[in-house]
Protein chains: 2
Amino acid sequence: MNTTDRAAETMERILNPRRVAVVGVTSSGFGFGSGILSSLISIGFDGELFPVNPKGGSIHGLDIRTSVEAIPGDIDFAIIALPAHLVPDALESCRRKGAAGAEILSAGFRESGTPEGAALEERVRAIAARGIRVIGPNCFGVYSPRGGLTLLPGPALSREAGRFAFLSQSGGHTIDIAHMGTWHGIGFSAAISFGNGADLRETELLEYFGRDPQTDIIGMYIEGVDDGRCFYSRLRDVCAGKPVIVYKGGLSEAGGKAVASHTASMGGSRVIWDSLLRQCNAVSVDSIPAMADTALAFTRLPWRRYRGISIVGGGGALGVAAADAADAYGMELPVLAADLQEAIMALLPKPGSSAANPIDVANPYVPANILRDVLLLAARDERVDIQVLVQLLYHYKAALGMFSNPPLEEIVPVEALADAAREAVDAGGKPVVAVLPNHLRGADSMDVEKLMRSARAAFLSRGIPVFDDLGSAVRSIGNVSRYMAVRERRGNAVSP
Amino acid sequence: MNTTDRAAETMERILNPRRVAVVGVTSSGFGFGSGILSSLISIGFDGELFPVNPKGGSIHGLDIRTSVEAIPGDIDFAIIALPAHLVPDALESCRRKGAAGAEILSAGFRESGTPEGAALEERVRAIAARGIRVIGPNCFGVYSPRGGLTLLPGPALSREAGRFAFLSQSGGHTIDIAHMGTWHGIGFSAAISFGNGADLRETELLEYFGRDPQTDIIGMYIEGVDDGRCFYSRLRDVCAGKPVIVYKGGLSEAGGKAVASHTASMGGSRVIWDSLLRQCNAVSVDSIPAMADTALAFTRLPWRRYRGISIVGGGGALGVAAADAADAYGMELPVLAADLQEAIMALLPKPGSSAANPIDVANPYVPANILRDVLLLAARDERVDIQVLVQLLYHYKAALGMFSNPPLEEIVPVEALADAAREAVDAGGKPVVAVLPNHLRGADSMDVEKLMRSARAAFLSRGIPVFDDLGSAVRSIGNVSRYMAVRERRGNAVSP
């Protein structure tokens, strides 16, 4: 077995373990160890769990073992949530128990800025070097929908596996984006919060998920890298075959200082990072919502270059914003052919509508079948590569008064609108994305929120990605397009 | 009476009219005219309403007059929602009836790109020149909380007047931000959608609200201006005394083309606009949510320069993002004095917390009184000018399992958290803003959404502005700070 195969086998045992020790539970049920144990049970981990605490006892009907050594047989993976000074010995015990890896949730290592913390982290690193891969310390751990592993605290993450791997120095960002997996339309092959990164960190994880056949898209939150040259080389290799979406935190001088106290990494300047990411053809984003939106676009859209976008929806100003956003990605809103404009205008309410592109449908209550026909007509223009359907569903709330106030969901044809988008994709042959903004967020508009959520689910279940606002939609499409444009130029434009 | 006084008197009759004609209702109750009439009744307009349609009849218990002339006595204001070709004659009738102004909701004028449309708009302009001020055409009209006027369609806008005036070429943006006035913490002196701007438009409106004693902050969505030199001069004057927040649409080449078809304006290049806005000390934003957030900061925070920010909350990565955002505005996260750090650390759970600034409180369940004490300690550092309290309330959802699943609102101390922020402001003497992100937006997390909304209301009712994410909070504080820094340099730094 070569090194790569062995590394893959090790990662498989980490991401899909059968026997897991949870070291540092309390019988009271409070604390990180007990929290992660409850979360594993909630999410339905179906291997064997071995809680450990020197005092023994039981928790959730499981015997608490008094030591790692007291666990019968070998283990695959360990979750360690002990005070920092107890971690190295526990880790060594796990190694002797044959664990392929361990995640160390505890803080109090290098990030504390103390000599004791640094020394403890050195001990962890030394034990890892003897044959157990370590995730952390100072992290939220591993989320593996397939394996049933979850983050701290993550009792309600989705068990449906997807094809997006997220790798992060920040536990907060990891839990946030993992939560988004329950509703946003992105699904994870894994999400790994590696915190201080004493052992496994950005470069090796990138290499593994770059080869992982279950991962198509990789996202990374990076504060600093351990070995710039090596990371650069891997990133460039991986980006040739899979998009890697990078959110680099701490690019300002002040941000760099904050990085140092957060994960004790060296940041690096904005100029260097921008240039490095561009050369590698990594996709750069500046927030976790932008990361999720871009991952959604790569998940649900064909990977290709998009040059022309048509916008269908209410409001001319939206078209202006879309055109501004598109321009930054070398995309445009082509003026539709005159005969198509005429055919579209014949379908729309007048006056107030316009069909030049953006196609302003003039009011928010245009029926779904008309919208479908408008999308199909616009798709016939060969300069249109992708379409954006903007639905201002919150305006239905204002219309309730006209209909003696029935529940909002009864008057908004959510399923029909989602069907219209799907039919337009199927018959028109061009992808459609939906934009569902909501500006009604008062306590008296919970019905609008509920409506937005069913609408999102309706579109997603038909394979139509949904964005909160037009700018995010256009930027996410632009990220796919720009990534593929570079691959075309470099001659590796085959999508999976 | 001088010209300025006369203009003010005219605007007062437009914003606070007693007798209003609604020209173009249908007895069926459908269409723009009937929609705006219902909206005026819903919102509680308490002057006299005169619906007009040649067929007569009645609507909502009001007689429909067969013509403008058939209205008994004079009118102050008219709302015109007729097919475009009927508009000029109706407008002339309104002028003869003594109306100070009219809003023309109808489309089909210059924006249609036809010679007929352009000719109709010229006629409107000529009538306006004879003594009636026109808002529109192709607009959503005037929202005046004090006067009880509302937009199309705007039955549920707030009647509580505030001190923010919004002026916009886009009706969509106007209705969106006006809706935000019901929950976001911004309140309006007026919001005016002027569409094609055949008569009243950016420069005169800016001048009026610049002098208006009921307006402290002005927001503008601009696609293009009519007279650049004159606008520039007014903008510079007004910015010396009141912040003017400008969202300029159509700055890209493609966006400029979209502008032309939306409101038939000439856009102007990005370089020229950026330089113009900077020279005038206008506050530039790039979206309507950013406009609202910046208006909120100017509404709720002291107008001054902010140099140092302290961040209190869970998650080190948030501090990294905050430092990056602050840096762009010449602000920083000063490292707190050693004695304050020590005192703060004594209050926080360990390990995992840190007090250097950002103050990472290590878990999302830290009690309100501890957070208050942490804020008060950080306020004692003289380099801290303002504080940001980040509350990741959605994490309480994960904790429900530990408490046999009570309703979420029972376990989250929303009022106590808001009290803590208020007490910190009162006793510490430094403003506090709250950040309440929510990444749990699935159909099964409506309880989290409800919680977020009560939390927002609780903070706002205590004068604490709330933002959705840390980046928006820091940028909005930065906009106040940068604006006041320029005023200081120019020697007009007195806030109202």
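In this report, we go over the structure that sits alongside the text. As the structure is a computational prediction, the values presented were derived from the model and not from experiment.

**Let's talk about the relation of the copies chain A and chain B**
At step 1: Superposition of chain A onto chain B requires a rotation of 180° combined with a translation of 0.0 Å along the rotation axis, giving an RMSD of 0.0 Å. When the rotation and shift are considered jointly, the pair of chain copies conforms to a two-fold rotation axis.
At step 2: A share of 100% of interface residues in chain A that are also interface residues in chain B marks the association as one of identical surfaces.

**Description of the nonpolar core**
Residues and elements named next belong to chain B.
At step 1: Ranked by size, the top nonpolar core spans 174 residues in total, and within it Ile80 and Ala322 carry the most contacts.
At step 2: A per-element tally of this core places helix H11 (residues 316–327) first, with eight residues.
At step 3: Setting aside residues up to four positions removed in sequence, isoleucine 80 forms contacts with Val23, Gly24, Val87, Ala90, Leu91, Ala102, Glu103, Ile104, Leu105 and Ser106.

**Let's talk about the sheet that holds strand S12 (residues 244–248) of chain A**
Residues and elements named next belong to chain A.
At step 1: Taken in spatial order, the six strands line up as S8-S10-S9-S11-S12-S13 in an open sheet, and their pairing is mixed. In this open sheet, the two edge strands, each paired with only one partner strand, are strand S8 (141–143) and strand S13 (283–285). Going from strand to strand, the sheet's axes swing by 20° on average, the running direction of each strand aside.
At step 2: Where strand S11 (residues 217–222) meets S12, five bridges bridge the pair, whose relative direction is parallel. The partner of glycine 219 across the bridge, within S12, is isoleucine 245.

**Digging into unusual backbone geometry**
At step 1: For the bond from Gly136(A) to Pro137(A), the omega torsion is 0°, close enough to zero to count as cis.
At step 2: Along the chain, Pro137(A) falls in the loop between strand S7 (133–135) and S8.
At step 3: Of the consecutive residues Asn357(A) and Pro358(A), the connecting peptide bond is found in the cis state with omega at 5°.
At step 4: Locating Pro358(A) in the fold gives a position in the loop between helix H12 (338–345) and strand S15 (359–360).
At step 5: In the Ramachandran plot, His60(B) falls in the positive-phi region, its phi being about 50° despite a non-glycine side chain.

**Here we look at the interface of chain A and chain B**
At step 1: Contact with chain A, which involves 68 residues of that partner, is made by 69 residues of chain B.
At step 2: Broken down by secondary-structure element, the contributors of at least two residues to the side of chain A that touches chain B are helix H2 (32–43), helix H5 (171–180), helix H8 (253–263), helix H11 (316–327), helix H14 (395–399) and helix H17 (446–461) of chain A.
At step 3: For the side of chain A that touches chain B, the element with the most residues is H11(A), which contributes ten residues.
At step 4: For the side of chain A that touches chain B, the class distribution of residues is 27 nonpolar, 30 polar and eleven charged.

Thresholds, definitions, all that
- Just so you know, the residues in each chain are numbered from 1, in the order the chain's sequence is written.
- Think of it this way: whatever chain is written first is A, whatever ligand is written first is 1, and the rest follow in order.
- At least 70 in pLDDT is required for a residue's local features to be given in this predicted model, at least 80 for side-chain atom pairs to be given and counted, and no such filter applies to totals for whole chains, interfaces and linings, which use all residues.
- Least-squares superposition aligns the copies on the C-alpha atoms of those residues with pLDDT at or above 70 in both.
- Throughout, a residue-residue contact means that the two C-beta atoms, derived from backbone geometry, are no farther apart than 7 Å.
- Structurally, a nonpolar core is described as a collection of buried Ala, Val, Leu, Ile, Met, Phe, Trp, Tyr and Cys residues joined by way of C-beta atoms within 7 Å.
- Three exposure classes are used, based on other C-beta atoms lying within 10 Å of a residue's own C-beta, which is placed from the backbone: buried for 20 or more, exposed for 12 or fewer, and partly exposed in between.
- To qualify as a helix, a DSSP run of H or I must reach at least 4 residues; to qualify as a strand, a run of E must reach at least 2; elements of each kind are numbered from the N terminus.
- Being paired, for any two strands, means DSSP has found at least two bridges between them.
- To define axes, lines are fitted to C-alpha atoms, for helices over the stretch in contact only, and angles between the resulting N-to-C directions are given on a 0 to 180 degree scale.
- Residue polarity is assigned by list, with Asp, Glu, Lys and Arg as charged and Ala, Val, Leu, Ile, Met, Phe, Trp, Tyr, Cys and Pro as nonpolar; anything else, Gly included, falls into the polar class.

None of the figures reported here should be taken as evidence of function without further support.
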